[in-house]
Amino acid sequence: MAEAADIQGTSPSPARRRVRRTLALLTGTPLLAGLVQIPAAGAAQAEGRDGVRAASDAGGVSVAVDSLSPAAPGDGDTVTVSGTVTNLGKRTVTDAHVGLRVGERLTTRAAIDEVAEDSHDLSDAPGTEIDDKYGTKFAKLTPGVAESFNVSVPVDELDLGENGVYEFAVALSGQTSAQPWEQVLGVQRTFLPWKPDGSGIKTKTTYLWPLVSDAHMAAETGSNESQTPVFLDEDLAEEISPGGRLDQMVALGKDLDVTWVVDPDLLASVDAMSGSYEVRGADGTNTAGKHQAVAKHWLADLQDAVEDKEVVALPFADPDLASLAHNGTDITGSLSQLQDATDVVANTVEPILHVKPSTDFAWPAEGAVDPSIVKVATSAGADKVIARSDSLQETGGLSYTPSAARPIGGGTTAVVADARLSTAFEGDLTKASASTAAVQRFLAQSLALGLQTGKQRNVVVAPQRMPTGSQARAMAEALTALEHSTWSQSQDLTDAATAKPDPGATTKVPTRSSYPAKLRKRELPHAAFEQIARTQDKLGHFKVVLSDQSRVVTPFGRALNRGMSTAWRGRAAQAQSFRDGVETYLDGLTGRVRLIDKSEMKLSGRSATIPVTVQNNLVQGVDHLVLRLTSTNPTRLKIDGDAYQEQPVTVSGGHSQSVKFTTSANANGQTTVIAQLFTADGQPYGHAVTFNVKVTEITPTVMLVIGGGVLLLVLAGYRMYQQRKRAAARAGDEDGPGEGDDGTADGPENPAGPEARLQGESGAHGRAGDPVQPSDPTPDTAAESADPSGTGERVDR
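Please read these numbers as outputs of a predicted model, since none were measured by experiment.

Caption draft 1: Region of interest: the environment of arginine 579. Mapped onto the elements, arginine 579 comes out in helix α20 (residues 572-590). Sequence separation between arginine 579 and alanine 559 is 20 residues; the distance between their C-alpha atoms is 8.4 Å. Setting aside residues up to four positions removed in sequence, arginine 579 forms contacts with Leu524, Ala528, Gln531, Ile532 and Gly563. Reaching out from arginine 579, the side chain makes a polar contact with the side chain of glutamine 531 at a distance of 3.1 Å. A polar contact is formed between the side chain of arginine 579 and the side chain of glutamine 576, at a distance of 3.1 Å.

Caption draft 2: Main features of the packing of aromatic side chains. The final tally for this structure, using the stated rule, is six aromatic pairs. A ring pair is formed by tyrosine 207 and phenylalanine 442, whose centres lie 6.2 Å apart and whose planes are at 70°; its orientation type is edge-to-face. Residue tyrosine 207 is found in strand β8 (residues 203-211), and its partner phenylalanine 442 is found in helix α14 (residues 432-450); the two are separated by 235 residues along the sequence. Look at phenylalanine 442 and you get buried, because its relative accessible area is 1%. Taking the centre distance of 5.7 Å and the plane angle of 20° together, the rings of phenylalanine 556 and tyrosine 585 count as stacked. Of this pair, phenylalanine 556 sits in helix α19 (residues 550-562) while tyrosine 585 is found in helix α20, placing the two residues 29 residues apart along the sequence.

Caption draft 3: Quick look at the pattern of salt bridges. One pass over the structure, following the stated rule, counts 23 salt bridges. Glutamate 239 is the partner of arginine 245 in a salt bridge, and the nearest nitrogen-oxygen pair spans 2.8 Å. A single burial state applies to arginine 245 and to glutamate 239, both of which are buried. A salt bridge links lysine 538 to glutamate 583; its shortest N-O distance comes to 2.9 Å. Remark: glutamate 583 occurs in helix α20 and lysine 538 occurs in helix α18 (residues 526-543); sequence separation between them is 45 residues. Overall, the relative accessible area of 8% leaves glutamate 583 in the buried class. The structure contains a network of salt bridges with shared partners spanning Arg534, Lys538, Glu583 and Asp587.

Caption draft 4: Structural view of the sheet that holds strand β6 (residues 164-175). The strand order across the open sheet formed by four strands is β4-β3-β6-β7, and the pairing between neighbours is antiparallel. Each edge of the open sheet is held by one strand with a lone partner, namely β4 (136-141) and β7 (183-194). Neighbour-to-neighbour, the strand axes of the sheet open up by a mean angle of 25°, direction not taken into account. Of the pairings in the sheet, the one linking strand β3 (residues 93-106) to β6 comprises nine bridges and is antiparallel in character. Paired with arginine 101 across the two strands is alanine 169, which belongs to β6. On the sheet, helix α4 (residues 109-117) packs against β3, β6 and β7 and is oriented at approximately 150° with respect to β7. The strands that α14 touches are β6 and β7; relative to β7, the one it contacts most, it runs at about 45°.

Caption draft 5: Layout of the nonpolar core. Counting residues in hydrophobic clusters, the biggest one holds 73 residues, and the most contacted among them are Phe542, Leu627, Leu629 and Val693. At six residues, the largest contribution of residues to this core is made by α18. Apart from the residues lying within four places of it in its own chain, the contact partners of leucine 629 are Ile610, Val612, Ile639, Ala643, Tyr644, Gln645, Phe661, Val673, Ile674, Ala675 and Phe691. The next biggest cluster of nonpolar side chains, apart from the first, holds 65 residues, and it includes Leu211, Val306, Leu421 and Leu447.

Caption draft 6: Examining unusual backbone geometry more closely. In this chain, serine 69 is followed by proline 70 through a cis amide linkage whose omega measures -5°. Inspection of the secondary structure puts proline 70 in the loop between β1 (61-69) and β2 (78-87). Positive phi outside glycine occurs at glutamate 366, with the angle close to 55°. Secondary-structure assignment places glutamate 366 in the loop between β15 (361-362) and α12 (371-378). Look at glutamate 366 and you get partly exposed, because its relative accessible area is 37%.

Caption draft 7: Fine view of helix α7 (residues 264-273). Of all 10 residues in α7, eight are buried; the element is thus mostly enclosed. For α7, the complete set of buried residues consists of Pro264, Asp265, Leu266, Leu267, Ser269, Val270, Ala272 and Met273. With a side-chain oxygen lying 3.0 Å from the backbone nitrogen of aspartate 265, the N-terminal cap of α7 falls on aspartate 263.

Caption draft 8: Region of interest: the environment of alanine 146. Within the secondary structure, alanine 146 sits in strand β5 (residues 146-154). The sequence separation of alanine 146 and threonine 84 amounts to 62 residues, and the corresponding C-alpha distance is 6.2 Å. Ignoring any residue separated from it by four or fewer positions in sequence, one finds alanine 146 in contact with Val85 and Thr86.

Caption draft 9: Summary view of helix α6 (residues 245-253). Of all nine residues in α6, seven are buried; the element is thus mostly enclosed. Taken together, the buried positions of α6 are occupied by Arg245, Leu246, Asp247, Gln248, Met249, Val250 and Gly253. Looking at the buried positions of α6, the neighbouring elements they touch are β8, α5 (235-240), β11 (259-262), α7, α8 (292-306) and α15 (469-483).

Calculation rules
Residues numbered from 1 in each chain as written. Predicted model: local features only at pLDDT ≥ 70, side-chain atom pairs only at ≥ 80, totals over all residues. Heavy atoms only, no water. Helix = DSSP H or I, 4+ residues; strand = E, 2+ residues; numbered from the N terminus. Contact = heavy atoms within 4.5 Å. Polar contact = N/O pair within 3.5 Å; in protein donor to acceptor, adjacent residues only side chain to side chain. Phe/Tyr/Trp six-rings, centres within 6.5 Å; stacked < 30°, edge-to-face > 60°. Buried < 20%, exposed > 50% of the residue type's maximum accessible area, 1.4 Å probe, protein only. Salt bridge = Lys/Arg side-chain N within 4 Å of Asp/Glu carboxyl O. Pairing = 2+ DSSP bridges. Axes fitted to C-alpha atoms, helices over the stretch in contact; angles between N-to-C directions. Core = buried A, V, L, I, M, F, W, Y, C linked by side-chain atoms within 4.5 Å.

Set out below in C-alpha cells:
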C-alpha cells in the first residue's frame, strides 16, 4: 500500500519528516545526558559541534551543483560535477574541500521526492566521502564570496551496485575559528540514475512539446481590401525572435523525439505577422509592425522541425474546457463556440505547417478532470482526454504506475499523464543549480518507474502549457538524456492512447466536487461566458446586414474564441479587458450604420412627405435592412394611410440614403414619430430616432392664399357678368329702348327713361299693370353683334 500511494503522484508528508527528526532527537537525548559525565573539555567540544551544525542549518555554506555529466552514466564513464560554494556565515571557513558522496539506492518514487525536498539538509548527509583525491580544496572561504569547483570521478570509483536510483551528494567540509574541527558545513543532494545494461523491457515514453501562447491579436482589422491585422502588443514578436521563448521551443524541440501540441491561434497569429500588420500603442493609435522577417523565419524553422513528426492540434485559442464545463454550459451558444474553435483547425494548421494534425485530443488545464469536463471536452468531436495522475488517481492498490490509456466510458479514452514527470520542470529554473536538480530528479523518477515491474508500459508526460526559456532548456536536456538511456524509448501520443489498457488501472473519473479548489479559483467566471454570448448575439445581428460577412465574421469569431482561452487563467483583469475591447469594437462597427437624428418638423396641409436618412460609414455596403416609420398618434397623423410604413434599405459603403415616407394629417396638433431600422428577420438594429411632427391642417398663410384666390375668382365672375350685361344692352338699343348698364334709363343710350323701360317690358312679356319683381328673369336678348366693340369697351373672348 505504501507503493500504491507512491505512484499516485503524492509527495511524502512534511509531518512524516518532522516525526523522523523528532525521533532522532529523542534517541539522542540519553546520549547527551551521558555526555555530562565526560570531562569538561570533551563536553565543550560536543557542544561546539552541535552548535556549528545548528549554525550550518541556519546558513553555513551553500553548495550549488550547476552541472552533472553525464546525467545518466554508463560503464566506463567519468562523472563530472561542477558548481559553486558560498560561505553564508559570518566567519571565514578554513581547510575546506568539496567531496562527493554516494548514498543508498532509492527503491520507491516517494523516496526520491523526500530526498529532493530535503536536498540541503545537513542532518542526514548520505554515505561516506569518496577518496579525497576526487575533490576540490580551498584554503579559505571568505563570507559572501562564491568559489567554483569542478570534480571528476570515474564511475567505477562510485561503487554503484544493482540497477536503480542512487542518492548522490556534493558536500563542503571545513572548520571555523569558533569550531576548529572538520565538519560538513554544506551539502547538495541529487540523484544518479544507474542502469548501464540495456537489456530488459523499456518504458515507452511520450513527451508533449507544447507550442501555446497568450492572445495577441485584436478583433480590429484594417479597412483596406486585405484587412490588415492589428496586434495588441509586440509580445509575440519578442517570443519568436532569436532567443525568445517560442524560438527556443522550436530550436530545442527540433532535435527531440516528441509529440508537438500546437494552438492554431499561435500559428495564425505568426502567419498574420509575416505580412503587413499594425500594433496598437498605449495611446490607442496603431503603428506599422516591423517583424515580418522574424515571423517568416520562425514559421520556416517550425515547418522544418515538425516534418515527419506527430502534431496534435488543440481547438483554436486553446479554450478553457474546465471553465466552460463549470461556468458556461448553461449559457446558450457557449458549446457552439467550442465547436467553432474545433472546426477552424483544419483551415489553419495544415495550410501553415504542411502537416495534417490530429484533432482527437482534448487537454483540460493541468490535466484535472471530472465528468462535466469530460463531457464538454468530447462535445466537439475529441474522443481522447489528456488527464493527469494526480486527478485521475489510482485506487486499486497497484504496486506500479500503470499505462496511460484508460477507457472511461462512452467511447472516450483518458490518456493519464504521470504527475511527477509532468511537473518536474515547473518553478524558477533560471539558476543552473535548479535546472540540474530538475533534470536529475526527472531521470530518477523515470528510471524508478521503469524498474517497478517487468511489464511493458506506456507513459505520457504533459508539462506546463507555456514553459519559460529556462524550463524548456531543462526539459530538452532531460529528454536528450532519456532518449540515450537504456530504460526508455520514445513513442507518439496516438500510439500511447491506443495501446492496450492496464486491466488493473482505475477508470473512474473523479467527482465534480473533487476538482481542486486552487484550480477552480483561476477559472473564467460565469460572467465571462455571458459576455461572450452577448457579443456573439450582437455579431449575429450585425452580419446579416452586410454584403460581405466574412470581413467581420472571421476576425470577430476568432476573437471570441480567444476570449475563452486557457491562457487567461489567473489573469481575470486582463481577460475582462480583452473581452471588453472586442465587444466595444463591435458596438462601434454596428453604430456606423445608423439613422441621422431629426429635429421637429412642421407639416401644412393634409398630406406631406417625411425624409429619413440612413448613413453607412462602413467600407462595405449594407442591405437586408428595413426602415420603419411609426406614428404614435395615427388618428392625427398616418404614415401611408396606416400607423406605420416599412421600406427596404440598401446603402453603399461610405454613403447615405434618404428614404421618403408619405404622410396624411387628419387633425391639427403635435405627433411623435419613431424611425427604427430592422434586420430582415425582424430584429431591431441600432438606436431608434424619435422626433416630433407638428400638424396644421389649414394654416393662416394657406387661408390667405386660398382667400386671395377666391376673391380673384369672384372679381373675374363679376367682370364677366358686367360685360355680358353691356353686350345685351347694346343689342336692345338696336331693336328698341333698353336698360343701361345699371338697369336704369338715365344713360345717353336710353333717353326714354325708366318708364319707357317698364312699358317695353310690359308690352313684351306681361300684362299691363303687373308689378315688376326684382327676381324676374332677365329678358331674352338677341345674339351678340359681330361688329367691333365700341370705343372704351372690353369684351371677353
